[in-house]
Amino acid sequence: MPRKSQKPARSHRSTLSLQKTEIVIHVYDLLPPGRISSTLWFLGTSLLHSGVVINGKEYAYGGHDRRGVTGVYWTKPKTEPPGGTFKCEILHGFTLASQAEIDSIVRDASEEFHGTAYNLLTKNCNHFTSHLCQKLTGRPGPAWLNRAASIGVALPCVVPRDWIEAPDFETADGELLDEDEHDHADERSRMLRTSDEQPRLVDQSERRNTSEELDWDSEAERRTGGSGKGKGKAPARDSAGRTLPAAERAPTSRN
């Protein structure tokens, strides 16, 4: 009597034993509330900020002027950036990766998205959201998140400046803040946040300490990452020299 062939024992973990982790996208409108922002939101062309929520942390990307330091940070979910208004959340999908694997993916992404590489049109927070979603679920984030930036790249001469650079948040009277007022207001907004709402850079313990002073010889040095001999610190700008709005500035330390 012929012997029945035995099925080889499975050496990998059963998919039934794996825990699925939700990958959620939070979307914020960076334009002041009003008819214009409502119309642009309806048309899918508003200026948006987004973050990826994983196990109680919302990961996002912003720009800063410290060379060799990531621009990826995390905060408490639904913590609105300065001048931003929470609009919606999207259940993008699930990952079967373990927490250790998720942490590794986030760290790898943080190496690819340094603060000095931030660009309002070609490498912004929504590009990071799409990248991280792709790594975790196999599908990039929704393309409409970056529609305004895509239009800006295709038609740079006809796109309104406000579609590229979000205005700094307004006063109670509806007037835009000037640079000095903005700095004080931005500082006040950070002080009013509880400790668990403060944005923190993704830990890169193998990298240089982010509290180390990092200055620049020139604007060209800042854009390319620096020569390590810096003398003066440039204002917060993206890689194309545009001033970064408050909502798109990453913290410069993990504390």
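On a predicted model such as this, the values are computed, not experimentally measured, just so you know.

**Structural notes on the packing of aromatic side chains**
For step 1, the next point in the chain: Across all of its chains, the model carries six aromatic pairs by this definition.
For step 2, the next point in the chain: Taking 5.6 Å as the distance between ring centres and 70 degrees as the angle between the ring planes, the aromatic pair formed by Tyr 28 and Phe 86 counts as edge-to-face. Within this pair, whereas Tyr 28 is found in strand β1 (residues 21-29), its partner Phe 86 is found in strand β5 (residues 85-95), the two being separated by 58 residues in sequence.
For step 3, the next point in the chain: Centroid distance Phe 113 to Phe 128: 5.4 Å. Interplanar angle 80 degrees. Geometry classified as edge-to-face.

**Some points on the packing of helix α2 (residues 99-112) against helix α3 (residues 125-137)**
For step 1, the next point in the chain: At a closest axis distance of 10 Å, the pairing of α2 and α3 adopts a crossing angle of 145 degrees. Here α2 and α3 pass one another in a crossing that is right-handed. Together, Ile 102, Ile 105, Val 106, Ala 109 and Glu 112 of α2 and Phe 128, His 131, Leu 132, Lys 135 and Leu 136 of α3 make up the contact between the two elements.
For step 2, the next point in the chain: Class assignment of the residues belonging to the contact of α2 with α3 gives a composition of seven nonpolar, one polar and two charged.

**Remarks on the sheet that holds β1**
For step 1, the next point in the chain: Overall, antiparallel pairing links the six strands, which are arranged β5-β1-β2-β3-β4-β6 in an open sheet. The open sheet terminates on both sides in strands that have one partner only, identified here as β5 and β6 (200-201).
For step 2, the next point in the chain: With six bridges connecting them, β1 and strand β2 (residues 48-54) associate as antiparallel partners. Bridged to His 26 within β2 is Gly 51.
For step 3, the next point in the chain: In the packing of helix α1 (residues 35-43) onto the sheet, the strands contacted are β1, β2 and β5, and the crossing angle to β1 comes to about 140 degrees.

**Notes on the environment of Gln 19**
For step 1, the next point in the chain: Here Gln 19 lies in the segment before β1.
For step 2, the next point in the chain: Residues Gln 19 and Thr 95, spaced 76 residues apart in sequence, show a C-alpha to C-alpha distance of 8.4 Å.

**Overview of the pattern of salt bridges**
For step 1, the next point in the chain: Applying the stated criterion to the full structure yields one salt bridge.
For step 2, the next point in the chain: As a salt-bridge pair, Asp 238 and Arg 242 come within 2.8 Å of each other at their nearest N and O atoms.

**Thoughts on the pairing of strand β4 (residues 72-75)**
Every other side chain in a regular strand lies on the same face of the sheet, so the side chains alternate between the two faces.
For step 1, the next point in the chain: Burial along β4 is two-sided: Val 72 and Trp 74 facing one way and Tyr 73 and Thr 75 facing the other are all buried.
For step 2, the next point in the chain: Relative to β4, strand β3 (residues 57-61) runs antiparallel, the two sharing four bridges. Among the inter-strand pairings, Tyr 61 is bridged to a residue of β4, identified as Val 72.
For step 3, the next point in the chain: Note: β4 against β6, two bridges, orientation antiparallel. When the bridges of β6 are listed, Trp 74 appears paired with Arg 200.

**A word on the nonpolar core**
For step 1, the next point in the chain: Within the largest apolar cluster, 25 residues are counted, with the highest numbers of intra-cluster contacts made by Ile 54, Tyr 59, Val 106, Phe 128 and Leu 132.
For step 2, the next point in the chain: Mapped by element, the contributors of at least two residues to this core are β1, β2, β3, β4, α2 and α3.
For step 3, the next point in the chain: Here this core gets four residues from one element, more than from any other, and that element is α3.
For step 4, the next point in the chain: Counting five residues, the second largest nonpolar core, distinct from the first, contains Ala 60, Val 69, Tyr 73 and Ala 250.

**Quick look at the side chain of Thr 70**
For step 1, the next point in the chain: Note on placement: Thr 70 falls in the loop between β3 and β4.
For step 2, the next point in the chain: Looking at Thr 70, the relative accessible area reads 1%, which means it is buried.
For step 3, the next point in the chain: Reaching out from Thr 70, the side chain makes a polar contact with the backbone oxygen of Phe 113 at a distance of 3.4 Å.

**Focus: unusual backbone geometry**
Residues other than glycine predominantly adopt negative phi, and peptide bonds predominantly adopt the trans conformation.
For step 1, the next point in the chain: Within the chain, Asn 55 stands out as a residue other than glycine whose phi angle is a positive 50 degrees.
For step 2, the next point in the chain: Note on placement: Asn 55 falls in the loop between β2 and β3.
For step 3, the next point in the chain: Although it is not a glycine, Lys 78 sits at a positive phi angle of roughly 70 degrees.
For step 4, the next point in the chain: Tracing the backbone through its elements, the reader meets Lys 78 in the loop between β4 and β5.
For step 5, the next point in the chain: Taking the relative accessible area as the measure of exposure, Lys 78 reaches 44% and is therefore partly exposed.

Conventions we followed
Residues numbered from 1 in each chain as written. Predicted model: local features only at pLDDT ≥ 70, side-chain atom pairs only at ≥ 80, totals over all residues. Heavy atoms only, no water. Phe/Tyr/Trp six-rings, centres within 6.5 Å; stacked < 30°, edge-to-face > 60°. Helix = DSSP H or I, 4+ residues; strand = E, 2+ residues; numbered from the N terminus. Axes fitted to C-alpha atoms, helices over the stretch in contact; angles between N-to-C directions. Left-handed = near helix turned anticlockwise from the far one by under 90°. Contact = heavy atoms within 4.5 Å. Nonpolar A, V, L, I, M, F, W, Y, C, P; charged D, E, K, R; others polar. Pairing = 2+ DSSP bridges. Salt bridge = Lys/Arg side-chain N within 4 Å of Asp/Glu carboxyl O. Buried < 20%, exposed > 50% of the residue type's maximum accessible area, 1.4 Å probe, protein only. Core = buried A, V, L, I, M, F, W, Y, C linked by side-chain atoms within 4.5 Å. Polar contact = N/O pair within 3.5 Å; in protein donor to acceptor, adjacent residues only side chain to side chain.

From the geometry alone we can't say anything about function, so treat these as descriptive.
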